[in-house]
Amino acid sequence: MLKMKMTAILAALLLLTACAATPEPETVAKDTGPDLQRLAKGVTLPAYETVQLPNGMQILLMEKHDVPMISFEALVRGGAVADPEGKIGTSALLADLLRRGAGDRDAMEFARTVESVGGILETSSSKEAVTVSGQFMSRDAELMIELLGDMLTEPTLARTEFDKLRARSVQQIAAMKDTSLRALTTIYGDAFLFGEHPYSRAVMGTEAGLASVTYPDIRRYFIEQFGADRTILAVVGDFDTATMRARLEEEFGGWRKAAGTLPEVSEPEPVPGNRVLLVNKPGATQTYFYIGNVGVARGYDKRAALDLVNTVFGGRFTSMLNTKLRVESGLTYGAGSRVTQYNEPGSVAIVSFTQTETTGEAIDMALGVLEQLHAEGLSPAQLASAKAYVLGQFPPELETSGGIAERLAIIAFYGLGRDDVDQYAGRVAAVEREAASAVIENVYPERGELVFVLIGDAAAIREVAASYGSVTEMQITDPRFKPAD
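Conventions and cut-offs
- Residue positions are counted from 1 within each chain, in the order its sequence is given.
- The predicted origin of the model limits local features to residues at a pLDDT of at least 70 and limits the giving and counting of side-chain atom pairs to 80 or more, whereas totals for whole chains, interfaces and linings rest on all residues.
- Side-chain descriptors were evaluated using all non-hydrogen atoms of the structure, hydrogens and water having been removed beforehand.
- Put simply, DSSP marks the helices as runs of H or I at least four residues long and the strands as runs of E at least two long, and each gets a number from the N terminus on.
- Radius of gyration: C-alpha atoms only; globule rule: 2.2 Å multiplied by the number of residues to the exponent 0.38.
- Note on areas: these come from Shrake-Rupley sampling with a 1.4 Å probe, and a residue is covered only by the protein chains present in the view.
- The sign given to each residue is positive for Lys and Arg and negative for Asp and Glu; His and the chain ends receive no count.
- Just so you know, the charge point we use is NZ for Lys, CZ for Arg, CG for Asp and CD for Glu.
- A residue's pLDDT is the confidence the predictor assigns to it, expressed on a 0 to 100 scale.
- In what follows, residue pairs with any heavy atoms lying within 4.5 Å of each other are defined as contacts.
- Salt bridge, as used here, is a side-chain nitrogen of Lys or Arg placed within 4 Å of a carboxyl oxygen of Asp or Glu.
- Any residue under 20% of the maximum accessible area for its type is buried, any over 50% is exposed, and the rest in between are partly exposed; the area is computed with a 1.4 Å probe on protein chains only.
- Here, expected helix span is obtained from the residue count minus one, scaled by 1.5 Å.
- As a rule, the C-alpha atoms of each element are fitted with a line to give its axis, helices using only the stretch in contact, and angles between N-to-C directions run from 0 to 180 degrees.
- Any angle between 65 and 115 degrees counts as roughly perpendicular, while under 35 counts as roughly parallel, over 145 as roughly antiparallel, and the rest as oblique.
- Helix crossings are classified by the rotation of the near helix relative to the far one: an anticlockwise turn of less than a right angle makes the crossing left-handed, while a clockwise turn makes it right-handed.
- Residue polarity follows a fixed list, in which Ala, Val, Leu, Ile, Met, Phe, Trp, Tyr, Cys and Pro are nonpolar, Asp, Glu, Lys and Arg are charged, and the others, Gly among them, are polar.
- Using only the protein atoms, space was sampled on a 1 Å grid; points where a 1.4 Å probe fits but cannot get out form cavities, open sets with protein on both sides within 12 Å along at least five of seven lines form pockets, and lining residues are those with an atom within 4 Å of a point.
- Grid points are joined across faces, edges and corners, and a volume is the space filled by probe spheres set on the points.
- A pair of strands counts as paired when DSSP detects no fewer than two bridges linking them.
- Exposure above 30% relative accessible area and the absence of a salt bridge qualify a residue for a patch, where like charges join within 9 Å and nonpolar side chains (Val, Leu, Ile, Met, Phe, Trp, Tyr) within 5 Å.
- A 3.5 Å cut-off defines polar contacts: any pair of N or O atoms within that distance qualifies, except that in protein one atom must be a possible hydrogen donor and the other a possible acceptor, and neighbouring residues in sequence count only when both atoms are side-chain atoms.

Looking at the overall build of the chain
Here comes step 1: From N to C terminus, the chain includes 18 helices and 14 strands.
Here comes step 2: Relative to a compact globule of 485 residues, whose C-alpha radius of gyration would be 23 Å, the chain shows 23 Å and is just as compact.
Here comes step 3: Dimensions of the chain along its principal axes, counting C-alpha atoms only, are 65 × 60 × 35 Å.
Here comes step 4: When the accessible surface of the chain is split by element, carbon and sulfur atoms take 51% of a total near 19,700 Å².
Here comes step 5: In the chain, 46 positive and 64 negative side-chain charges are present, and the distance between their average locations comes to 2 Å.

Structure, rendered in structure tokens:
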């Protein structure tokens, strides 16, 4: 996982080349057809240079001269897992503050400077990192480096901006509990599933957590968790590598290391099933539900097979879950499955919503689809269709300099090799039904191993909730996303 946020900017063609480690068309399963055989040739990353500065900062540089643009992606390890205890949302506030003044520019001047050259600068926080990404015309490379350097090394962190952001963030969460429960379902789900583990923390914070974050907390987080030794910077675009390397070394070579210790995150273990969290929203006409358990990490060695299984199960409109719950039964407008992967295992879950009166019917139907997945696995037709879908979706992710910069940063962040891209298509094409079945058995919990989160009118669905296990209740107005200790 990480972002967490990742957008593709300005379509441009990426040179596609056959990878030597990718199977030749004749080695691909015969039922894949000529189109899939073509897609199985895959995508390979062009050459790029890795630079390790003495202060620990890692820089990845790739030239791409098709358009006069430069994109970058900077990941600073930490994110929500490094939020101080009881102050959930600290990293998210800091991420917002980074672009609200840096160096000699206040918030207004900083924004105007970026806009004056048509640049893009975005910041965000995720479970394990704070991200700064952007795109500029190559002629503005010097300004881009200056702004990025100021943001990372000397942000203003103005008190007035902090006060406004904190108040607005608390208000936004309160508003989402009235109008955007669908967006909060996985936040409540992961918070309940992971309990005291750092992965339970909502990246955007909680009302209680944000209210407890003070201005000194923000400055302390920056000093302790921001530094060259925590940072990966990928730059892709129209530049000369030697010139860019020298300029970045000049800009960041003197940056200090983080003053604090990066919190250690243990591997979360699957939790006992038949546990239910019921979040009461009196008068709600719909129930939002999350059903799952702990899954696998980003380094999972059967990633290709997992992508295929999740595509079929709940990863696209024609998935098993959406077909059953939406297309055939009309119980919902959308049902799917999500697999989050971090340095340690994230969650695997079914997520959907339905009318209050059909809560039990919809959940039972979703469970039936999960049981079908375990009992039958993927049919040859489903597997072939998923391969075509996944292989068709993969190349566009790497068509832009922004998409490539994001992928390079992720590869470095998780300690993956370039074969994470270069060999991906071949691995997808080579997946057989037995391998898919092994992933289903290994990753997807069975019915008795599931944790449930239901958000809705407790008076109307309490009995339904109790049919799935031991129930813990909380109120939608509680200023957090999991029950109080």
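Details of the confidence of the model for the chain
Here comes step 1: With 91% of its residues at a pLDDT of 70 or more, the chain has an overall mean of 92.
Here comes step 2: Every residue in residues 1–32 scores below 50 in pLDDT, and together they form 78 contacts with partners more than four places removed in sequence or on other chains.

Things to note about the pattern of salt bridges
Here comes step 1: Taken as a whole, this structure holds 29 salt bridges when the rule is applied.
Here comes step 2: Across the pair R447 and D364 runs a salt bridge whose closest N-O atoms are separated by 3.9 Å. Highlighted residues: R447 in the loop between helix 17 (433–443) and strand 13 (451–456) and D364 in helix 12 (residues 359–376), separated in sequence by 83 residues.
Here comes step 3: By relative accessible area, which is 37% here, R447 ends up partly exposed.
Here comes step 4: A salt bridge links E397 to R407; its shortest N-O distance comes to 3.0 Å. Separated by 10 residues along the polypeptide, E397 in the loop between helix 13 (380–393) and helix 14 (401–413) and R407 in helix 14 bring together distant segments of the chain.
Here comes step 5: What makes R407 buried here is its relative accessible area of 10%.
Here comes step 6: Because the salt bridges share partners, they merge into one network encompassing E142, R247, E250 and E251.

Points about the environment of V81
Here comes step 1: Note that V81 resides in the loop between strand 3 (69–77) and helix 2 (90–98).
Here comes step 2: It is 5.9 Å that separates the C-alpha atoms of V81 and K127, two residues lying 46 residues apart in sequence.
Here comes step 3: When sequence neighbours within four positions are dropped, the list of residues in contact with V81 reads K127, E128, P198, Y199, R201, P263 and V265.

Notes on helix 4 (residues 141–153)
Here comes step 1: Look at helix 4: 18 Å from first C-alpha to last across 13 residues, which is about the 18 Å you get at 1.5 Å a residue.
Here comes step 2: Of all 13 residues that make up helix 4, 10 are buried, and the element is covered over most of its length.
Here comes step 3: Within helix 4, burial applies to A141, L143, M144, I145, L147, L148, G149, D150, M151 and L152.

Some words on the packing of helix 11 (residues 320–328) against helix 12
Here comes step 1: With their axes 10 Å apart at the nearest point, helix 11 and helix 12 run at an angle of 150 degrees to one another. Considering their axes alone, helix 11 and helix 12 lie roughly antiparallel with respect to each other. The interaxial crossing formed by helix 11 with helix 12 has right-handed handedness. On helix 12, the residues that touch M320, L321, K324 and L325 of helix 11 are A362, M365, A366, V369, Q372 and L373.
Here comes step 2: Its residues placed into classes, the contact of helix 11 with helix 12 shows eight nonpolar, one polar and one charged.

So, the layout of surface pockets
Empty pockets left among the atoms are what a rolling probe the size of a water molecule brings to light.
Here comes step 1: Quantified by volume, the second largest pocket comes out at close to 420 Å³.
Here comes step 2: Lining the second largest pocket we find 20 residues, and of these E85, G86, I88, E196 and K482 sit closest to its centre.
Here comes step 3: Across the lining of the second largest pocket, the residue classes break down as eight nonpolar, six polar and six charged.

Observations concerning the sheet that holds strand 6 (residues 120–125)
Here comes step 1: With mixed pairing, the six strands of this open sheet are ordered in space as 1-2-8-3-7-6. What marks the edges here is a single partner per strand, and that holds for strand 1 (49–52) and strand 6. Strand-to-strand, the axes of this sheet are offset by a mean angle of 10 degrees, without reference to chain direction.
Here comes step 2: In the sheet, strand 3 pairs with strand 7 (residues 129–137) via nine bridges, with the strands oriented antiparallel. In the strand pairing of strand 7, A74 is matched with V132.

Some thoughts on empty space enclosed by the protein
Here comes step 1: Here the largest cavity defines a volume of roughly 50 Å³.
Here comes step 2: Lining the largest cavity, in full, are I291, G292, F313, V348, A349, I350, L370, Y444, P445 and L450.
Here comes step 3: Broken down by secondary-structure element, the contributors of at least two residues to the lining of the largest cavity are strand 10 (286–294) and strand 12 (345–355).
Here comes step 4: Residue contributions to the lining of the largest cavity peak at three residues, all from strand 12.
Here comes step 5: Here the lining of the largest cavity is composed, by residue class, of nine nonpolar, one polar and no charged.

Topic: the sheet that holds strand 12
Here comes step 1: The strand order across the open sheet formed by six strands is 11-12-10-13-9-14, and the pairing between neighbours is mixed. Of all strands in the sheet, those bounded by a partner on one side alone are strand 11 (335–341) and strand 14 (470–475). Mean inter-strand twist for the sheet, computed between neighbouring axes without regard to direction, equals 20 degrees.
Here comes step 2: Sheet analysis places strand 10 next to strand 12, joined by nine bridges and oriented antiparallel. For V294, the partnering residue across the bridge sits in strand 12 and is S347.
Here comes step 3: Taken strand by strand, helix 6 (residues 181–194) contacts strand 9 (275–280), strand 10, strand 11, strand 12, strand 13 and strand 14, and its axis lies near 35 degrees from that of strand 10.
Here comes step 4: Against the sheet, helix 10 (residues 303–314) engages strand 11 and strand 12, with an angle of about 155 degrees to strand 11.

Here's the deal with a negative patch on the surface
Here comes step 1: A surface patch of negative charge is lined by D104, D106, E109 and E154.
Here comes step 2: Mapping D106 onto the fold places it in strand 5 (residues 105–106).
Here comes step 3: Given a relative accessible area of 47%, D106 falls into the partly exposed group.

Considerations on the side chain of S200
Here comes step 1: The topology assignment puts S200 in the loop between helix 6 and helix 7 (207–212).
Here comes step 2: Engagement of the side chain of S200 in a polar contact is seen with the backbone oxygen of G195, the distance being 2.8 Å.
Here comes step 3: If we skip the residues at most four places from it in the chain, S200 touches K127, D190, A191, F194, G195 and K482.

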